[in-house]
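# Summary of the model geometry
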Amino acid sequence: MLIKNLQDCEQFTAGDGTLLRELLHPDKALLNLRYSLAHARLPKGETSLPHKLTVSEVYYILSGQGLMRIDDETAPVHPGQTIYIPPNSTQYIQNTGQDDLAFLCIVDPAWQPESEQVDGRPATE
């Protein structure tokens, strides 16, 4: 049985500027998974950098308020909502609330540096 506590997962700043804690990734825990799962946090007043993945992604909003942009569409988001982001779509999220915006990110197949471009450049730069 694998149980992970969020606070035990190292926090780092992702290429798009969000604060991430990777919960599950098949490359890091030798798990039989196709997807990766991360907890993301965006402080009050912040916006992630525009980026795109070559694979699909899903956000599940845990807390806070935001504005989600996918290609030419923009919509307000709040806790309890799930957002599907198609492959190769330019995306970013803005925290419009008074507290941190927290959400889960599910990437399938699992996130890899070469599958992401941030603001027109690979995330590994």
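Our subject is the structure that appears above.
Attention here is on the structure that accompanies the text. (Residues numbered from 1 in each chain as written. Predicted model: local features only at pLDDT ≥ 70, side-chain atom pairs only at ≥ 80, totals over all residues. Heavy atoms only, no water.)

### Points about the packing of aromatic side chains
Counted only if it meets this: Pairing of aromatic side chains requires ring centres within 6.5 Å, counting the rings of Phe and Tyr and the six-membered ring of Trp. Pairs whose planes differ by under 30 degrees are stacked, by over 60 edge-to-face, and all others tilted. Secondary structure elements are taken from DSSP: a helix is a run of H or I of four residues or more, a strand is a run of E of two residues or more, and numbering for both begins at the N terminus. Under the scheme applied here, a residue whose accessible area is under 20% of the maximum for its type counts as buried, over 50% as exposed, and between as partly exposed, the area being computed with a 1.4 Å probe on protein chains only.
Under the counting rule described, the total for this entry stands at 1 aromatic pair. A ring pair is formed by tyrosine 59 and phenylalanine 103, whose centres lie 4.6 Å apart and whose planes are at 40 degrees; its orientation type is tilted. In this pair, tyrosine 59 is assigned in strand β5 (residues 56–63) and phenylalanine 103 in strand β10 (residues 101–108), connecting sequence segments 44 residues apart. The class of tyrosine 59 is buried, set by a relative accessible area of 2%. Residue phenylalanine 103 is classed as buried on the basis of its relative accessible area of 0%.

### Digging into the sheet that holds strand β1 (residues 11–13)
What counts, and what does not: When DSSP locates at least two bridges between a pair of strands, those strands are taken to pair. Axis angles are defined between N-to-C directions and span 0 to 180 degrees, where every axis is a line fitted to C-alpha atoms and, for a helix, only to the segment in contact.
Pairing is antiparallel in the open sheet, where 6 strands are placed in the order β1-β2-β3-β10-β5-β8. Only two strands of the sheet have a single neighbouring strand rather than two, namely β1 and β8 (82–85). Along the sheet, successive strands turn relative to each other by an average axial angle of 30 degrees, direction set aside. As paired strands, β1 and strand β2 (residues 19–24) are joined by 3 bridges and run antiparallel to one another. Within β2, the residue paired with phenylalanine 12 across the bridge is leucine 20.

### Some remarks on the nonpolar core
We apply this condition: To qualify as a nonpolar core, a set must consist of buried Ala, Val, Leu, Ile, Met, Phe, Trp, Tyr and Cys residues joined through side-chain atoms within 4.5 Å. Contacts are assigned to residue pairs with any non-hydrogen atoms lying within 4.5 Å of each other.
Formed by 16 residues in total, the largest nonpolar core has its most connected members in Tyr59, Ile61, Met68, Ile83, Ile93 and Phe103. Among the elements of the structure, β3 (36–42), β5, β6 (66–70), β8 and β10 are those that each provide at least two residues to this core. Residues contacting tyrosine 59, with those up to four places away along its chain left out, are His51, Met68, Gln81, Thr82, Ile83, Ile85, Gln91, Ile93, Phe103, Leu104 and Cys105.

### Remarks on the environment of leucine 33
Among the structural elements, leucine 33 can be located in the loop between α1 (26–29) and β3. A residue is classified by how much of its surface remains accessible, and leucine 33, at 24% relative accessible area, is partly exposed. As for leucine 33 and alanine 110, which are separated by 77 residues in sequence, their C-alpha atoms are 8.0 Å apart. The contacts of leucine 33, once residues within four sequence positions are left out, are Leu24 and Pro26.

Fair warning: the whole summary comes from geometry, so function is off the table for now.
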